[in-house]
Amino acid sequence: MEPEKAQEMREWFQKARNDLRGAEIDLSASPPLLEDVMFHCQQAAEKAMKGFLTGHDRPFPKTHDLDELGTAVQAIDASLASALDRARDLTPFAWRFRYPGTPSVPAREEAEEALAVAREVYQAILDRLPEEVRP
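## A look at the pattern of salt bridges
For the coordinates displayed, the defined rule picks out 10 salt bridges. Asp67 is paired through a salt bridge with Arg88; the nearest N and O atoms lie 2.3 Å apart. Here the residue Asp67 occupies a position in helix H3 (residues 66-76), and Arg88 occupies one in the loop between helix H4 (81-87) and helix H5 (108-126), the gap between them amounting to 21 residues. Looking at Asp67, the relative accessible area reads 36%, which means it is partly exposed. Across the salt bridge formed by Asp77 and Arg128, the nearest N and O atoms sit 3.3 Å from each other. You can see Asp77 sitting in the loop between H3 and H4 and its partner Arg128 sitting in the segment after H5, a full 51 residues away along the chain. Note on Asp77: relative accessible area 17%, which makes it buried. A relative accessible area of 34% places Arg128 in the partly exposed class. Taken together, the shared-partner salt bridges connect Asp67, Asp85 and Arg88 into one network.

Laid out in structure tokens, this is it:
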């Protein structure tokens with residue numbers, strides 16, 4: 001793999017890992033920042049998918065749609081189907097709680113489940129990458 005592409009992939013996965021960390025910090029805050037947990041979970045899954053697509057020379061649009069990104073990833077590696085299917089439900093959290101007048105705060109259980117899904121997606125994709133591109 002070209003060094004530039006490997007570096008770009010590492011950067012996508014570092015950003016995804018930072019989002020997972022942000023979600024964990026927000027969940028452990030007192031009181032927890034549940035809306036932010038949901039946002040960071042969506043972002044972590046999105047960035048992991050975009051990193052995977054980058055490594056396979058697959059262009060992707062500027063989108064937060066995890067269904068669209070997941071379909072592109074799954075076309076490359078069908079063994080990711082289970083994790084990607086679960087991640088699709090995270091898509092609305094890219095915007096749902098980000099602005100005034102939005103729905104009520106999510107339940108802690110919903111935030112914990114979103115974090116579990118985001119971790120699963122991140123790890124499942126990371127496990128399929130060569131060592132040279134892992135962050």
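Moving on from the model shown.
## Side note on the side chain of Thr63
In this structure, Thr63 sits in the loop between helix H2 (34-55) and H3. Apart from residues no more than four positions distant in its own chain, Thr63 is found in contact with Glu46, Lys50, Glu68 and Leu69.

## Let's talk about the nonpolar core
Soluble, globular proteins show a tendency: their nonpolar side chains are buried together. By size, the foremost hydrophobic cluster in this structure holds 39 residues, and its most contacted members are Met49, Leu90, Val121 and Ile125. If you list the elements that add at least two residues to this core, you get helix H1 (3-28), H2, H3, H4 and H5. Sequence-distant contacts of Met49, defined by excluding residues within four places in its chain, comprise Leu66, Leu69, Gly70, Val73, Leu84, Ala87, Val121 and Ile125.

## Points about H2
Relative to the 32 Å expected for 22 residues at 1.5 Å per residue, H2 spans 32 Å between its end C-alpha atoms, a close match to the ideal helical length. With 20 of 22 residues buried, H2 is to be regarded as a mostly interior element. Of the residues trailing H2, Asp57 is marked for its positive phi of about 55°.

## Considering the environment of Ala124
Along the chain, Ala124 falls in helix H5. What makes Ala124 buried here is its relative accessible area of 15%. For the pair Ala124 and Ser79, spaced 45 residues apart in the sequence, the C-alpha separation amounts to 9.2 Å. Those residues in contact with Ala124 that lie beyond four places of it in its chain are Leu80 and Ala83.

## Looking at the environment of Arg134
If you trace the backbone, Arg134 turns up in the segment after H5. It is 9.4 Å that separates the C-alpha atoms of Arg134 and Gln7, two residues lying 127 residues apart in sequence. In this view, Arg134 contacts Arg10, Leu126, Asp127, Arg128 and Leu129; residues no more than four positions away in its chain are not counted.

Conventions and cut-offs
- Residues numbered from 1 in each chain as written.
- Predicted model: local features only at pLDDT ≥ 70, side-chain atom pairs only at ≥ 80, totals over all residues.
- Heavy atoms only, no water.
- Salt bridge = Lys/Arg side-chain N within 4 Å of Asp/Glu carboxyl O.
- Helix = DSSP H or I, 4+ residues; strand = E, 2+ residues; numbered from the N terminus.
- Buried < 20%, exposed > 50% of the residue type's maximum accessible area, 1.4 Å probe, protein only.
- Contact = heavy atoms within 4.5 Å.
- Core = buried A, V, L, I, M, F, W, Y, C linked by side-chain atoms within 4.5 Å.
- Expected span 1.5 Å × (residues − 1).

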